[in-house]
Amino acid sequence: MTSLTDLTIAGIRDGFRKGDFSAREVADAFNGAVAGGKALNAFLIETPEHAVAAADEADRGRASGELRALSGVPLGIKDLFCTAGYQTTAASHILEGFVPTYESTITAKLFGAGAGMLGKLNLDQFAMGSSNETSAFGNVISPWRRNDGGTAPLAPGGSSGGSSAAIAARMVPGATGTDTGGSIRQPAAFTGISGIKPTYGRCSRWGVVAFASSLDQAGPMARDVRDCAILLENMAGFDPKDSTSLDLAVPQWEAGLSSDLKGKRIGIPKEYRVDGMPAEIEALWSQGIAWAKDAGAEIVEVSLPHTQYALPTYYIIAPAEASSNLARYDGVRYGQRVLPDHANLQDMYAATRAAGFGPEVKRRILIGTYVLSAGFYDAYYTKAQKVRALIARDFERAFEQCDVLLTPTAPSAAFGLGEKSADPLSMYLNDVFTVPASLAGLPAMSVPAGLDAQGLPLGLQIIGKPLDEQGVLNAGLAIEERAGFTARAGKWW
Amino acid sequence: MSSYRIQGATGEWEVVIGLEVHAQITTEAKLFSGASTKFGAEPNANVSLVDAAMPGMLPVPNKECIRQAVRTGMAIGAEIHRWSRFDRKNYFYADLPQGYQISQLYHPLVGEGSIQIEPEDGVSKTVGIERIHVEQDAGKLIHDQHPTRSYVDLNRSGVALMEIVSRPDMRSPAEAGAYLRKLRSILRYVGSCDGNMEEGSMRADVNVSVRKVGDELGTRTETKNVNSVRFVMAAIEYEANRQVDVIESGGKIVQETRLFDPDKTETRSMRSKEDAHDYRYFPDPDLLPLELDDAFLAECEASLPELPDAKRARYEGPLGLTPYAAGVLTADVETARWFEALLAEAAKAQGKPEADVAKAASNWLISDLFGALNRLGRDIANSPVSPAQGGQLLGLVADGTLSGSLAKQVFEIMLETGDDPAKIVDERGMRQTSDTGAIDAVIADVLAANADKVADYRGGKDKLFGFFVGQTMKAMAGKGNPGVVNERLKAALDG
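Reading the values: the criteria
- Residues numbered from 1 in each chain as written.
- Chains lettered and ligands numbered in written order.
- Predicted model: local features only at pLDDT ≥ 70, side-chain atom pairs only at ≥ 80, totals over all residues.
- Heavy atoms only, no water.
- Salt bridge = Lys/Arg side-chain N within 4 Å of Asp/Glu carboxyl O.
- Buried < 20%, exposed > 50% of the residue type's maximum accessible area, 1.4 Å probe, protein only.
- Helix = DSSP H or I, 4+ residues; strand = E, 2+ residues; numbered from the N terminus.
- Phe/Tyr/Trp six-rings, centres within 6.5 Å; stacked < 30°, edge-to-face > 60°.
- Lys NZ or Arg CZ within 6 Å of the ring centre and 35° of its normal.
- Axes fitted to C-alpha atoms, helices over the stretch in contact; angles between N-to-C directions.
- Parallel < 35°, antiparallel > 145°, perpendicular 65-115°, else oblique.
- Left-handed = near helix turned anticlockwise from the far one by under 90°.
- Contact = heavy atoms within 4.5 Å.
- Nonpolar A, V, L, I, M, F, W, Y, C, P; charged D, E, K, R; others polar.
- Buried area = accessible area lost by both parts, 1.4 Å probe.
- Polar contact = N/O pair within 3.5 Å; in protein donor to acceptor, adjacent residues only side chain to side chain.
- Disulfide = S-S within 2.5 Å.
- Pairing = 2+ DSSP bridges.

1. Quick notes on the pattern of salt bridges
Where side chains of opposite charge bring their charged atoms close, a pairing between them can arise.
Step number 1: Following the criterion strictly, the structure yields 64 salt bridges over all chains and no others.
Step number 2: Taking the shortest distance from any N to any O, the salt bridge between A:Asp20 and A:Lys18 comes out at 3.9 Å.
Step number 3: Since its relative accessible area comes to 47%, A:Asp20 is described here as partly exposed.
Step number 4: Of the residues examined, A:Lys18 reaches a relative accessible area of 65% and is grouped as exposed.
Step number 5: A:Glu57 is the partner of A:Arg68 in a salt bridge, and the nearest nitrogen-oxygen pair spans 2.7 Å. On the criterion of sequence distance, the pair formed by A:Arg68 in the loop between helix 3 (48–63) and strand 2 (74–78) and A:Glu57 in helix 3 is long-range, its members being 11 residues apart.
Step number 6: A residue is classified by how much of its surface remains accessible, and A:Arg68, at 25% relative accessible area, is partly exposed.
Step number 7: A relative accessible area of 40% places A:Glu57 in the partly exposed class.
Step number 8: Salt bridges sharing partners connect three or more residues here, namely A:Arg205, A:Asp242, B:Arg88, B:Asp284 and B:Asp286.

This is the structure we're talking about:
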């Protein structure tokens, strides 16, 4: 029998139901993996007792015939989700030591469905970053290494880098992520796992530390498409506490899974063939197109003419919202406060923020404050909102010709830690393929599709129409089945 | 037109006034959280996770606040915008836990409207209202309780306010006062704000500029958070005179924010435009635009009460009251409600249409009841006598049970005991008598005891008639029907 930690969520769920093993055995196995994986720095806090308590409850429930959707399944929780009684830091010093008295809607739903929590996962500070190098508590290290025998630590992607690393290293079978401009999809691609950002409004933002409200969306990260469907069913749903939440029934995505793409048209946006894209990415994309055809789909070329403006637009809107959302972190009501001698209120704010926010967060607050300032508002923010509308319209038009879009997830495989951190603009380019769908609020997922020459995972992205998570998952499944991605990181940690 | 002018060294100056009134919406819960809005709670008792801006908390609009603002807009004949949007106004201060206030800058809920005013110093006129938008109140900072610390009370943080922005249409302190009183009256009729300026549920930012009559608008100053009608009028007067003095002595008016000091009756500079905040407005991404449908608007419209102007017209028209009485009775919604309940009771007690009893009811309310309330230092909402009791009293006068003077006595007893007038009349035998036999007997005694005066009267001293009336009424302890007493006395004396 394979090790319990090698099982998928569906495998754990079904095996537990059949009585192949107890939930406690599963929890213990993953708790052990978490304890053994400290070298990756994927966890900010470990919560084995939470996982064990949920497992014991699942075991009792099974004995009394009560089985919930996620009974027996332990998960990792990105530390952007507020968890009652457990420290929630958003990987920042300013929230260090903050223990919410409340549970985010998403974690409440997951725990209510029987899941346990293995720990709170590291991330880029306030979810700002594409490499997990902006955490106040140190970088997450990808479990993957280049196949040249080198030991250079690689980025697990960001911002959900703790989530992606922990899943890829088999420390958790699945985890929550959040995606503002690609923070689920890009780390999924970097670490050879799957992740879906649902339609904006599918998942409640209540209790999730805000980065950019009009873009932030929670979603699942897991080993495969089916597991993503299972988790998403247990995360999505209307929440009256979130005004932007969609008041719609949650589809049965898992039951609806089908890799048969006959009658489906898959769009290939020509503008995504960016200059200087590595040949490997180009080749992977072509391979993806071939797989889609093999699954019965018709391929159509589509145009998203405003694609080139997506990144600049995103890097105006997201920091603008962030600069406002982060104004509440002032050292008064929670988290850390720095109070220099003889400090007045302004001094206290300044000292607290200087110490509490990392450089990337400060950079974005400054950009956001600048673009919202009275003299520049129209030139930047208003214009960005107009471009955002044009980008959304591009997608609407493209979806008149096709059902889903197929693109690479990221322009490269994982890079080494430190390789890009001195160059924020090159770092921002990581999100070039993921950001447009975020601006349009569309569902999009990354599935692992192959390895580059250095043996590192590469992902393909599927972007769907609003609310068509099923179409996205199905196309993802078709790719997944044909890619047969079985590579995994060698356990060096 | 107001003839209010400031007499300066260089001639007459005209004052131009606009008011931005912040009115707290009467609701149980705050604008974006379920926390209570109850006045007078312990500091920080009415604070939810949302109000305290805990991480991950999101605002959810309270529909009742929107409904009240829409009804208010309808009451001033304003355009209601079916599509409006909340914006964030970002600035850092300790009384604003989110670091921003949720307001409506670009797309307010209510557009242009107007109200009619009747200033005491001038003729009635229309004051334009530019917009009403909905926004959150801030918390309160208390700096003087501790040498080095400030205390923050977030009870008001997130409470729903309507900001009602007038056009600069007012030309005198009296017009501003009339505007504020009329606006307060409308808000109270609508029930969207209690208008209680002492508790801070209504306060005004006062924009004042001066100019030579007919000139372009001058530079204005804004005096913040003035919290009574009297203070608003005083602030305008002070500020207008100050501006004239500054200009006439060669200075320039700086566009700035000022504070009103009620103790010294003066305004003081708070901050100038140069160090004004850059508020960094943008649409709140946590909230969807507000879209109102026909059913909601129809419900708001249907729920509006008869408003002061319409009520006043009805009182003067069908009810036949004097303009003065109609004005007094409609100025305040509580008084109008009380009057209408009284009217209904009086009409019922007498089996007559309301129009037939309105004059008597209005006279009694304005002179007797208001007089008593004044004396007792109470307002009409706390009147010791109910409209039903007042109506019964008027009925007893109308059916001859009580004379006017007996009615006044009975009313005094009602004020003391709270008893119904019929009960007082029965228990104390205060019923007036029209029994000619009994009255004649008393008259006979009075005439017999004053034979000399009878002779004088009959000798031509007509004025003594009043003396005999008084003596007779006194002998009857005031219960004689004055008409009958008069008639029988005349008969007995003129015999």
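The rest of the description comes next.
2. Considerations on the packing of aromatic side chains
Step number 1: Evaluation of the coordinates by the stated rule reveals 29 aromatic pairs over all chains.
Step number 2: Centroid distance B:Phe467 to B:Phe468: 5.4 Å. Interplanar angle 70°. Geometry classified as edge-to-face.
Step number 3: When its relative accessible area of 26% is taken as the criterion, B:Phe467 is described as partly exposed.
Step number 4: Taking NZ or CZ as reference, A:Arg273 lies 4.5 Å from the ring centre of A:Trp285, over its face.
Step number 5: Above the face of the B:Tyr279 ring, B:Lys89 is positioned so that its terminal group lies 4.4 Å from the ring centre.

3. Section: the packing of helix 9 (residues 387–398) of chain B against helix 10 (residues 404–417) of chain B
All names here are of chain B.
Step number 1: The interhelical angle for the contact between helix 9 and helix 10, taken along N-to-C directions, is 160°, at an axis separation of 11 Å. With respect to helix 10, the axis of helix 9 lies roughly antiparallel. Crossing of helix 9 over helix 10 shows right-handed handedness. Counted together, Gln389, Gly390, Leu393 and Val397 of helix 9 and Ala407, Val410, Phe411 and Met414 of helix 10 form the full contact between these two elements.
Step number 2: Its residues assigned to classes, the contact of helix 9 with helix 10 comprises 6 nonpolar, 2 polar and no charged.

4. Details of the interface of chain A and chain B
Step number 1: Listed by partner, the interface residues are 36 residues for chain A and 30 residues for chain B.
Step number 2: Carbon and sulfur atoms supply 58% of the area that chain A and chain B bury against each other, a total of about 2700 Å² over both sides.
Step number 3: Between chain A and chain B we count 1 salt bridge in total.
Step number 4: Remark: the boundary between chain A and chain B carries 16 residue pairs in polar contact (both at pLDDT 80 or more).
Step number 5: Sorting the residues of the side of chain A that touches chain B by element identifies helix 9 (310–325), helix 10 (345–356) and helix 11 (359–372) of chain A as the ones contributing at least two each.
Step number 6: Among the elements that line the side of chain A that touches chain B, the one with the most residues is helix 9 of chain A, at 4 residues.
Step number 7: Tallied by class, the residues present in the side of chain A that touches chain B amount to 19 nonpolar, 10 polar and 7 charged.

5. Structural notes on the state of the cysteines
Step number 1: Summed over the entire model, instances satisfying the criterion amount to 0 disulfides over all chains.
Step number 2: A disulfide-free cysteine, B:Cys65 has its sulfur positioned 12 Å from the sulfur of B:Cys193, the nearest such atom.

6. Regarding the packing of helix 1 (residues 9–18) of chain A against helix 7 (residues 225–233) of chain A
Residues and elements named next belong to chain A.
Step number 1: The interhelical angle for the contact between helix 1 and helix 7, taken along N-to-C directions, is 70°, at an axis separation of 8 Å. Considering their axes alone, helix 1 and helix 7 lie roughly perpendicular with respect to each other. Here Ile9, Ala10 and Arg13 of helix 1 come into contact with helix 7, specifically with Arg226, Asp227, Ile230 and Leu231.

7. Brief notes about the side chain of B:Asn207
Residue and element names in this part refer to chain B.
Step number 1: Among the secondary structure elements, asparagine 207 is positioned in strand 11 (residues 202–212).
Step number 2: By relative accessible area, asparagine 207 is classed as buried at 9%.
Step number 3: Residues within four places of asparagine 207 in sequence aside, it is in contact with Val16, Ile17, Gly18, Glu20, Arg220, Thr221 and Glu222.

8. Side note on the sheet that holds strand 15 (residues 281–283) of chain B
Step number 1: Ordered in space as 5-4-15 (chain B), the 3 strands form an open sheet in which the pairing is antiparallel. Only two strands of the sheet have a single partner each, and these edge strands are strand 5 (100–103) and strand 15 of chain B. Each strand axis lies, on average, 30° off the axis of its neighbour in the sheet, ignoring direction.
Step number 2: Bridge count between strand 4 (residues 87–90) of chain B and strand 15 of chain B: 3 bridges; the pairing is antiparallel. Note that in strand 15 of chain B the partner of B:Arg88 across the bridge is B:Phe282.
Step number 3: The strands that helix 9 of chain A touches are strand 4, strand 5 and strand 15 of chain B; relative to strand 4 of chain B, the one it contacts most, it runs at about 60°.

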